2 protein chains.
Amino acid sequence: MSFALLQQKIDELKNPAVVGLDPDLAHIPPQIIDKYFAEFGETPEAASRAVIEFNINLISGLCDIVPAVKPQSAYYEALGHHGALALKMTCDYAKSKGMYVIIDAKRNDIGSTAAAYSAAYLGSVKIGSAEFMPYDADALTVNAYLGSDGILPFIDTAIRFDKAVFALVKTSNPSAGELQDKLLSGEQSKTLYTAVGELMEEISADTQGEYGYTRVGAVVGATYPDEMKFLREHLKRTFFLVPGYGAQGGSAADAAYAFCENGRGAIVNSSRSIIAAWKTSNESGIHYVDAARKAALKMRDELRNALK
Amino acid sequence: MSFALLQQKIDELKNPAVVGLDPDLAHIPPQIIDKYFAEFGETPEAASRAVIEFNINLISGLCDIVPAVKPQSAYYEALGHHGALALKMTCDYAKSKGMYVIIDAKRNDIGSTAAAYSAAYLGSVKIGSAEFMPYDADALTVNAYLGSDGILPFIDTAIRFDKAVFALVKTSNPSAGELQDKLLSGEQSKTLYTAVGELMEEISADTQGEYGYTRVGAVVGATYPDEMKFLREHLKRTFFLVPGYGAQGGSAADAAYAFCENGRGAIVNSSRSIIAAWKTSNESGIHYVDAARKAALKMRDELRNALK
C-alpha cells in the first residue's frame, strides 16, 4: 500500500513504529524450537515452523498497538524453501491483522530482472492465464547503486498495485559513511547519500500521493542524527524508514529528526529489542509475547514523548 | 569455491564464459510448460517444475563446454517457495556436473543480517546440533553501498567455506553512471565505482589465493569498455564477472578488456542469448538444448578469438 495508507495506520495507533521480524533462531524461545524438533527433527522444516509460530504469536500480541512489521528476508532465506514459505505465511498473517508489511530485502537489479523482483515482492506473476502474487508485501526495501534503471521497474509495479519502496540512502551501520559520505566533485560539497536521495525524489516525483509523499521512501539511520536532520529538511516529499533505534544506539530523540514538522513522514524500526525482549527481561521464554508487548509500548511512549 | 578453482575450470575447457540461468517463463519452450500445467494446473509448482527441467537439460547439454552457471535469483523468487526449491535443485545439479555456481542475488546488509545471507548462499546454518547448507553456491554477487560492514561477513563465510563473492563495481546498464560515475571531491578525479573497487581489494587483501586474486571479485559491464580497461589496469588482484555481453550490446572485443595479460582473471556472462537461443534460431522449442549449445560454442569461439 502506498505511504498514505501507512500514515493512516500510524495515525490510528498514534505509533510511528515498525517491528522488525528478524527470526534468528537464537531469538526464538526454546520451548517453541524443541516442540518442532521433536516432531520434525533438527531440520529447516522444523525451524521454519518455529519461525511461523513465533511470528504469528508476536503479530497477534502487537497488532493493536503497532501499525507495521518488517520481516528481514535474510533470516527466511537462510532456511531455504521452507523459509520462503515462512516469509509468505508471516506476510499473509500480518496483513490479515491489519498490519502494513515491509519486506526488508534490499533488492537491486535492472530491466526484466528488477521487474521480476518487483513482481515477486509487490506485484504478481503470470503463470499461464493465472495471476500469482508470490509475497504481496505493501513495501520493499531496495538499493539504488545501479541508478534509475534499477528503481523504475519497482516504481511501475508500485503504481500498478498501490505499493511503495524504500531505497537505502544513509544507512545506520558504523561504516555507512565509507561510500555514502563521499563528497561529490563540483556539486557544492554534496555527499553521495544526498545525491541518491535527490535522485529517488526526482524519478518518483509524479507519484506523490495524499500527505505529499512519493512512492519511493528512504532508509535513513537514527545513528546519524545530523545527516538525518539535513535529509529531512532537504527531501520534503520522501517518507523515511528509520533503522538504528535501540540495540544499534539511536535514541527516540535522534529518531525524531526523521519526522516532518506535522509529526508525519517517518516510521522507526526496532527488531531485536522487541522480538527478543524476553531474553533481556526477567521473564522466561514462555512469556515472550508479553515481553515484546511491554517493549513495544515502551518504544511507542518514547517516540510519542520525543515527538511532542 | 575460490576463484582459483573457477580459473582451473575455465582453463580446462578453454572457455571463460558463464551461462546465466534466468528462467523467465517466456524463455521456456511451450512443450515443457504445457506438460506441467497439465499435471499441476497453472500454478507456481508447475512453473517451478518446468524451470527445473529446463535448467537440468541445459546444464546437461552445456557442462562439457561451459565451466559455470549463474542462476539469477529474481526469477526463482518470483515463484515463491517453489521457486526457492527450484534454485536449490538447479545449484545442486550444476555442481554435480562439475560446474561452478554463481548465484546472482546482489545481496547486501550489515552485521548479523549479512551473516545470515552469507550462511544462506555460501555457508551453513546451525539448526540445533545439525548443520544445514541452504544453497551452497560457489560464489554470490553482492552490493557494497553499505560499506565494509556489508562485505566483511561475506568474506568471513567465503574463507571458512572456500567460496567467493563478486561486488557490483561498474554495472552494464544504461543508467549505471548516474551514481557510479560521480567524481569524488579531492580524490584526483576518482569515480565512485573506482572507490568501490579499491575498497573491495583493500578489505579482501589478505585473501589472495593461487593466481593472485582475492575472494572479492568485481562485476564490471562489457558495455563500458573504457571503464573496463581502466579497472583492469587498476585492480590487479580482482577477478571480474562481466555482464552485458550479447543481448545488452557488449562484444567479445569489449569483454576481452576484462582479462589480465595472461588471459586470466575474468568470466563473461551471457543469459538470454544462450538459454533462449531456440527463440531466435530456426529451431523449434523441442531442440532448445541444441540451440543453446550452438550459441554457447559460438560465444566460446568469439571469446577465444578476442583473447588471442
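Cut-offs applied
Residues numbered from 1 in each chain as written. Chains lettered and ligands numbered in written order. Predicted model: local features only at pLDDT ≥ 70, side-chain atom pairs only at ≥ 80, totals over all residues. Heavy atoms only, no water. Core = buried A, V, L, I, M, F, W, Y, C linked by side-chain atoms within 4.5 Å. Buried < 20%, exposed > 50% of the residue type's maximum accessible area, 1.4 Å probe, protein only. Contact = heavy atoms within 4.5 Å. Helix = DSSP H or I, 4+ residues; strand = E, 2+ residues; numbered from the N terminus. Phe/Tyr/Trp six-rings, centres within 6.5 Å; stacked < 30°, edge-to-face > 60°. Lys NZ or Arg CZ within 6 Å of the ring centre and 35° of its normal. Least-squares fit on C-alpha atoms with pLDDT ≥ 70 in both. Buried area = accessible area lost by both parts, 1.4 Å probe. Salt bridge = Lys/Arg side-chain N within 4 Å of Asp/Glu carboxyl O. Pairing = 2+ DSSP bridges. Axes fitted to C-alpha atoms, helices over the stretch in contact; angles between N-to-C directions. Arc of directions from axis to C-beta. Polar contact = N/O pair within 3.5 Å; in protein donor to acceptor, adjacent residues only side chain to side chain.

Student: Give a description of the nonpolar core that names residues and reports values.
Tutor: Residues I103 and F240 of chain A together with I103 and F240 of chain B are the most contacted members of the largest nonpolar core, which totals 225 residues. Among all residues touching F240 of chain B, those that are not within four sequence positions of it are F166, A218, V220, M228, L231, R232, L235, A258, G265, A266 and I267 of chain B.

Student: Break down the environment of A253 of chain B for me, with residues and values.
Tutor: All names here are of chain B. Its place among the elements puts A253 in helix α11 (residues 252–256). On the basis of relative accessibility, which here comes to 48%, the residue A253 falls in the partly exposed class. Separated by 248 residues in sequence, A253 and L5 place their C-alpha atoms 25 Å apart.

Student: So what's going on with the packing of aromatic side chains? Residues and values would help.
Tutor: Using the criterion set out here, one finds 12 aromatic pairs over all chains in the structure. Between the aromatic rings of Y213 of chain B and F239 of chain B, the centroid separation amounts to 5.4 Å while the plane-to-plane angle is 85°, which identifies the pairing as edge-to-face. Highlighted residues: Y213 of chain B in the loop between α9 (192–203) and β10 (216–220) and F239 of chain B in the loop between α10 (225–234) and β11 (240–242), separated in sequence by 26 residues. Classification of Y213 of chain B by relative accessible area gives buried; the value is 6%. Each residue in the set F3, F166, Y213 and F239 of chain A is aromatic and connected to the rest through ring pairs, giving one cluster. When the ring centre of Y257 of chain A is taken as origin, the NZ or CZ atom of K229 of chain A, which lies over that ring, is 4.6 Å away. For the cation-ring pair, K170 of chain B lies above Y224 of chain B, with the distance from its terminal atom to the ring centre recorded as 4.1 Å.

Student: Outline the relation of the copies chain A and chain B, listing residues and values.
Tutor: Here chain A sits on chain B after a turn of 180° about the axis and a move of 0.0 Å along it, with an RMSD of 0.0 Å. Taken together, the rotation and translation describe the operation of a two-fold axis.

Student: Hey, could you go over the interface of chain A and chain B for me, with residue numbers and the actual values?
Tutor: Tallying the contact residues gives 68 residues for chain A and 68 residues for chain B. Surface buried jointly by chain A and chain B totals about 5,500 Å² across both partners, of which 59% is contributed by carbon and sulfur atoms. Interface area lost by chain A to chain B is led by I127, Y145 and L179 of chain A, which between them contribute 15%. Counting every contact that joins chain A to chain B gives 4 salt bridges.

Student: Lay out the pattern of salt bridges with the relevant residues and their values.
Tutor: All names here are of chain B. Scanning the model with the defined rule gives 42 salt bridges over all chains in all. With a shortest N-O distance of 2.6 Å, K35 and E53 are connected by a salt bridge. In this pair, K35 sits in helix α2 (residues 30–40) while E53 sits in helix α3 (residues 44–62), placing the two residues 18 residues apart along the sequence. The shortest N-O distance in the salt bridge between K88 and D92 comes to 3.0 Å. Taken together, the positions of K88 and D92, both in helix α5 (residues 80–96) and 4 residues apart, correspond to about one turn of that helix. Judged by relative accessible area, D92 falls into the partly exposed class, the value being 36%.

Student: Describe unusual backbone geometry, listing the residues and the values that go with them.
Tutor: All names here are of chain A. Phi is positive for D136, which is not a glycine, with a value near 55°. Along the chain, D136 turns up in the loop between β5 (130–132) and β6 (139–142). Relative accessible area serves as the criterion here: at 19%, D136 is assigned to the buried category. Within the chain, D162 stands out as a residue other than glycine whose phi angle is a positive 55°. One can find D162 in the loop between α7 (152–161) and β7 (164–170).

Student: Quick one: what's the story with the sheet that holds β6 of chain A, residue by residue and with numbers?
Tutor: Residues and elements named next belong to chain A. The strand order around the closed barrel built from 8 strands is β1-β2-β3-β6-β7-β10-β11-β12, with neighbouring strands paired in parallel fashion. Sheet twist, expressed as the average angle between the axes of neighbouring strands with direction ignored, equals 30°. Where strand β3 (residues 100–107) meets β6, 3 bridges bridge the pair, whose relative direction is parallel. Residue pairing for β6: R107 is matched across the bridge by V142. Contacts from helix α9 (residues 192–203) reach β7 and β10 (216–220), with the element oriented near 160° to β7.

Student: Kindly report on the pairing of strand β6 (residues 139–142) of chain B, identifying the contributing residues and their values.
Tutor: Residue and element names in this part refer to chain B. Judged by which residues are buried, β6 turns out to be covered on both faces: A139 and T141 on one side and L140 and V142 on the other are all buried. With 4 bridges connecting them, β6 and strand β7 (residues 164–170) associate as parallel partners. Paired with A139 across the two strands is A164, which belongs to β7.

Student: Give me the lowdown on helix α10 (residues 225–234) of chain A, citing residues and values where you can.
Tutor: Residues and elements named next belong to chain A. Every buried residue belonging to α10 is among E227, M228, L231 and R232, and all of these are buried. All buried residues of α10 project into a common sector of 135° when viewed along the axis, lining one side. Exposed side chains of α10 directed beyond 90 degrees from the buried face belong to D226 and E233.

Student: Account for the side chain of R215 of chain B, with residues named and values stated.
Tutor: All names here are of chain B. Inspection of the secondary structure puts R215 in the loop between α9 and β10. For R215, the side chain forms a polar contact with the side chain of D162, separated by 2.9 Å. Once you skip the residues sitting within four places of it in the chain, R215 turns out to touch S2, F3, A158, I159, D162, K163, A164, V165 and T207.

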